[in-house]
Amino acid sequence: MPPQPPPTKPNKFYFFYGHRKPSQNRPTVQGGLFSNRQTLNPRKIPQISQSADFDFQKWDPDSPESLTAPPTKTPSEQFFAVAEFLSPIARYIVDSFRKHGQWGPPIVADLHKLRRVTPKLVAEVLKVQTDPRLSSKFFHWAGKQKGYKHDFASYNAFAYCLNRTNRFRAADQVPELMQMQGKPPSEKQFEILIRMHADANRGLRVYYVYEKMKKFGVKPRVFLYNRIMDVLMKTNHMDLALSVYQDFKEDGLVEESITFMILIKGLCKAGQIDEMFEILGKMRGHLCKPDVFAYTAMVRVLVSEGNLDGCLRVWEEMRKDKVEPDVMAYATLIMGLCKGNRVEKGYEFFKEMKKKGRLIDRDIYGSLINAFVANGKVGSACDLLKDLITSGYRADLAIYNSLIEGLCHFNRVDKAYKLFQVTLEEDLQPDFSTINPILVSFAESKRMDDILKMLEKMENLGFSVVDDLSKFFSFMVENEDNRIMIALEVFENLKLKGYHSASIYNILMGALLKIGEVNKALELFNELKDSDNSSSIYSNAIKCFVLIGDIQEACLCYNKLQEMSLVPSIDAYSSLVKGLCKIGEIDAAMMLIRDCLATVTGGPMEFKYILAIIHVCKLNDAEKVMEVLSEMMEQGCNIDDIVYCAIISGMCKNGTLEEARKVFSNMREKKILTEADLIVYDEILIDHMKKKTADLVLSGLKFFGLESKLKSKGCRLLPS
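Quantities reported herein were computed from a predicted structural model and do not represent experimental measurements.

## Focus: the packing of helix α22 (residues 397-409) against helix α23 (residues 413-425)
Logical step 1: Between α22 and α23, the shortest axis-to-axis distance is 8 Å and the interhelical angle comes to 165°. Compared by their axis directions, α22 and α23 come out roughly antiparallel. The chirality of how α22 crosses α23 is left-handed. In this structure, α22 uses L397, Y400, L403, I404, L407 and C408 to contact α23, whose residues at the interface are V413, K415, A416, L419, F420, V422 and T423.

See the structure below:
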């Protein structure tokens, strides 16, 4: 019988082999001191499982579900997520910071329980800290320990912590702190600061750190010079970048290929093509010829800046160097030429690509088609579409939309409709941009039956027809006044079929007002006023009534809005105020201005100056009023009837006739007011002063109870 192995003894539950009792802030550790340990968090964060049947066709990046932020972690969950990667003592310090929240005696008492805090421990704690004040206090407290000195790792962690909490200016002072504490900074510390500022595109801070390096006598190496020049070029500090390059050469350093490319791309971005070719010549002489990737980078930068002539010069230089352009280089140049309205030149490079047998991307086809359509060469664009399909590509919706728009522009709406049917056959899900040009062409040619058929097709495809019709009518009346009456005719026909909404009425009313067809706009208002109580319809009606001189109806519309607790538009307020001023209702106009500024956010600047004029009239000084008027004209505000009425109102209420006449005389001298207008407004001033005086007399009679006595004695001058 073979010898049996001795029975294994069960592990004793003491420090080396036992299971420590779990606590709220310390995860359970299983295993011995020298065995593999497993850390278990008391509270596990549930993971979000993604559905397997995710469909990109139905995904909408702007949907509320996509825009919702992930659930925020509780402070305990955040602590356990961080503590999982910390040593036990560092976890103890971080937990103390979490419990107490701010530096004070409780945290210091917890730290004194430790025998010593080492620089490695300081760096470990600072790497996970997010409170800059607490981190700074802890860093300085650690430095005061007996016999303690910070090392490079702790200084670097402190700089990272300050930068992470957006205290990058304080992080820039870390080298001075190191110098004061007898630890002169090396190139690595400055590299860290430069990297932090470069990642945040803070070019001037990078240059500030570079100047500080020179003061400390630290010379950067080539790669750090490259990093400094690169961020200065990207942040459009060309002069500073070239001064750094001058220091680079004075230090006797040799340029690398990346050094030349940083300078070349920066000069391309600044449009300094001659200087760029000079650097390119140095690159050839000292190092090597640029490859296709370098040339493509130059072309891309020049295209982004719109310097197409520079692009073509770089392309010729590439040919001189016998560098064969690849597909990316061709695509960058062709798409840039198309965007810069030089499609013929781009088409030449396209044919060159085909001749060389290069693989032509669909984006190149799309750029050329869009550019040809924009230049009115729809035939060339259609030929490219055929070539695209022959090459085995499937045209996307943007290409079809561009062709449909171009065909409709040249009255080839039937061919455009055929392309629309092709988009349906290929299941490209056409949108309003696809259909709108066809509807506009049908409307201009008065093909009402075709419009109705198109609307029925839109309903079958699931379009929101009424909303899209609002966009269609907005497009019809937006730029061309001659299409407004066509839009009205189309609407009259669609209205019979039930295609109408309040937004369409408002769009057409605003357009008819613009061309002076006030009566037709009022006809639309009368059709809608009983069924719609929106602010916009009544605001348009106010403008219409003011234009025809019916101020009373305009005021009734305003009162209707007030009853419904609605706010008129700013244009309606301005129009009604001008109408009231023209008929001499100055007090009502001034009250309306105050109401507008009290209810409308961002009211007209003219109204604000009106209140300033009324306020200055309290001083009874014509010069002060003229100062406000001068400032008003400097701001680009018009001096119109409202301003004159404001002067009359302010002076009659708080000033005198003489000062008001001085204001009008000064305006006449500065040719703001004509002689005829001066006479008219002087009469209005006298009439308004009489009215104010009469109101004061009546108020006095009522106050002293004399009104009834005068009426009993047969006085007929008092109002009944």
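## Some points on the side chain of S367
Logical step 1: For S367, the position within the fold is in helix α20 (residues 362-374).
Logical step 2: Excluding its chain neighbours within four sequence positions, the residues that come into contact with S367 are M335 and C338.

## Here's the deal with a positive patch on the surface
Logical step 1: Residues K386, R412, K415 and K418 make up a contiguous surface patch of positive charge.
Logical step 2: Position of K386 relative to the elements: it lies in helix α21 (residues 378-390).
Logical step 3: Looking at K386, the relative accessible area reads 57%, which means it is exposed.

## Examining the packing of aromatic side chains
Logical step 1: Going through the model one piece at a time under the given rule, you end up with 25 aromatic pairs.
Logical step 2: Relative to F664, the ring of Y644 lies with its centre 6.5 Å away and its plane at 65°, an arrangement referred to as edge-to-face. A residue pair is termed long-range when its members are at least 10 positions apart, and Y644 in helix α36 (residues 641-654) and F664 in helix α37 (residues 657-669) qualify at 20 residues.
Logical step 3: Through pairs of rings, three or more aromatic residues link up here, namely Y207, Y210, Y225, Y245 and F248.

## A short note on the confidence of the model for the protein chain
Logical step 1: Taken residue by residue, the protein chain gives an average pLDDT of 83. The fraction at 70 or more is 85%.
Logical step 2: Within the protein chain, helix α11 (residues 203-215) carries the highest mean pLDDT (92), whereas strand β2 (residues 38-40) carries the lowest (47).
Logical step 3: Every residue in residues 11-18 scores below 50 in pLDDT, and together they form twelve contacts with partners more than four places removed in sequence or on other chains.
Logical step 4: Overall, residues 31-46 carries pLDDT values under 50, and its contacts beyond four positions in sequence, including any with other chains, amount to 31 contacts.

## Side note on the environment of N526
Logical step 1: Tracing the backbone through its elements, the reader meets N526 in helix α29 (residues 518-528).
Logical step 2: By relative accessible area, which is 41% here, N526 ends up partly exposed.
Logical step 3: Spatially, the C-alpha atom of N526 lies 9.3 Å from that of A541, the residues being 15 residues apart in sequence.

## Quick look at the environment of I504
Logical step 1: Secondary-structure assignment places I504 in helix α28 (residues 502-514).
Logical step 2: On the basis of relative accessible area, I504 is assigned to the buried category, the value being 0%.
Logical step 3: C-alpha of I504 to C-alpha of V466: the two residues are 38 residues apart in sequence and 8.7 Å apart in space.
Logical step 4: Those residues in contact with I504 that sit more than four places away from it in its chain are V466, L469, S470, F473 and F491.

## Notes on α29
Note: α-helices contain 3.6 residues per turn, so residues at a spacing of three or four share the same orientation.
Logical step 1: Inspection of α29 places V518, A521, L522, L524, F525 and L528 among the buried residues, and these make up the whole buried set. For α29, the angular spread of the buried residues around the axis is 155°, confining them to a single face.
Logical step 2: For α29, the elements touching its buried residues are α27 (484-496), α28, α30 (535-547) and α31 (551-563).

## Points about unusual backbone geometry
Logical step 1: Located in the positive-phi region is N166, a residue other than glycine, with phi close to 65°.
Logical step 2: By the secondary structure assignment, N166 is in the loop between α7 (152-164) and α8 (168-171).
Logical step 3: Residue class for N166 comes out exposed when judged on its relative accessible area of 53%.
Logical step 4: A positive phi angle, close to 55°, is found at N620, a residue other than glycine.
Logical step 5: The topology assignment puts N620 in the loop between α34 (605-616) and α35 (622-634).

## Quick look at the pattern of salt bridges
Logical step 1: Per the stated rule, a full pass over the model turns up 32 salt bridges.
Logical step 2: Residue R447 is joined to D414 by a salt bridge in which the shortest nitrogen-to-oxygen separation is 3.2 Å. Of this pair, R447 sits in the loop between α24 (432-444) and α25 (448-460) while D414 sits in helix α23, and the two are 33 residues apart along the sequence.
Logical step 3: The class for R447 is partly exposed, based on a relative accessible area of 27%.
Logical step 4: The class for D414 is partly exposed, based on a relative accessible area of 46%.
Logical step 5: Look at the salt bridges and you will find they share partners, linking E316, R319, E324, E352, K356 and R358 into a network.

## What to know about the environment of Y92
Logical step 1: Following the sequence through the fold, Y92 ends up in helix α3 (residues 88-100).
Logical step 2: Judged by relative accessible area, Y92 falls into the partly exposed class, the value being 29%.
Logical step 3: Each residue touching Y92, except ones within four places of it in the same chain, is listed here: D110, K113 and L114.

Conventions adopted
- Residues numbered from 1 in each chain as written.
- Predicted model: local features only at pLDDT ≥ 70, side-chain atom pairs only at ≥ 80, totals over all residues.
- Heavy atoms only, no water.
- Axes fitted to C-alpha atoms, helices over the stretch in contact; angles between N-to-C directions.
- Helix = DSSP H or I, 4+ residues; strand = E, 2+ residues; numbered from the N terminus.
- Parallel < 35°, antiparallel > 145°, perpendicular 65-115°, else oblique.
- Left-handed = near helix turned anticlockwise from the far one by under 90°.
- Contact = heavy atoms within 4.5 Å.
- Patch = residues over 30% accessible without salt bridge, like charges linked within 9 Å, V, L, I, M, F, W, Y side chains within 5 Å.
- Areas by Shrake-Rupley, 256 points an atom, 1.4 Å probe, with all protein chains shown as cover.
- Salt bridge = Lys/Arg side-chain N within 4 Å of Asp/Glu carboxyl O.
- Lys, Arg positive; Asp, Glu negative; His and termini not counted.
- Charge placed at Lys NZ, Arg CZ, Asp CG, Glu CD.
- Buried < 20%, exposed > 50% of the residue type's maximum accessible area, 1.4 Å probe, protein only.
- Phe/Tyr/Trp six-rings, centres within 6.5 Å; stacked < 30°, edge-to-face > 60°.
- pLDDT = per-residue confidence, 0-100.
- Arc of directions from axis to C-beta.

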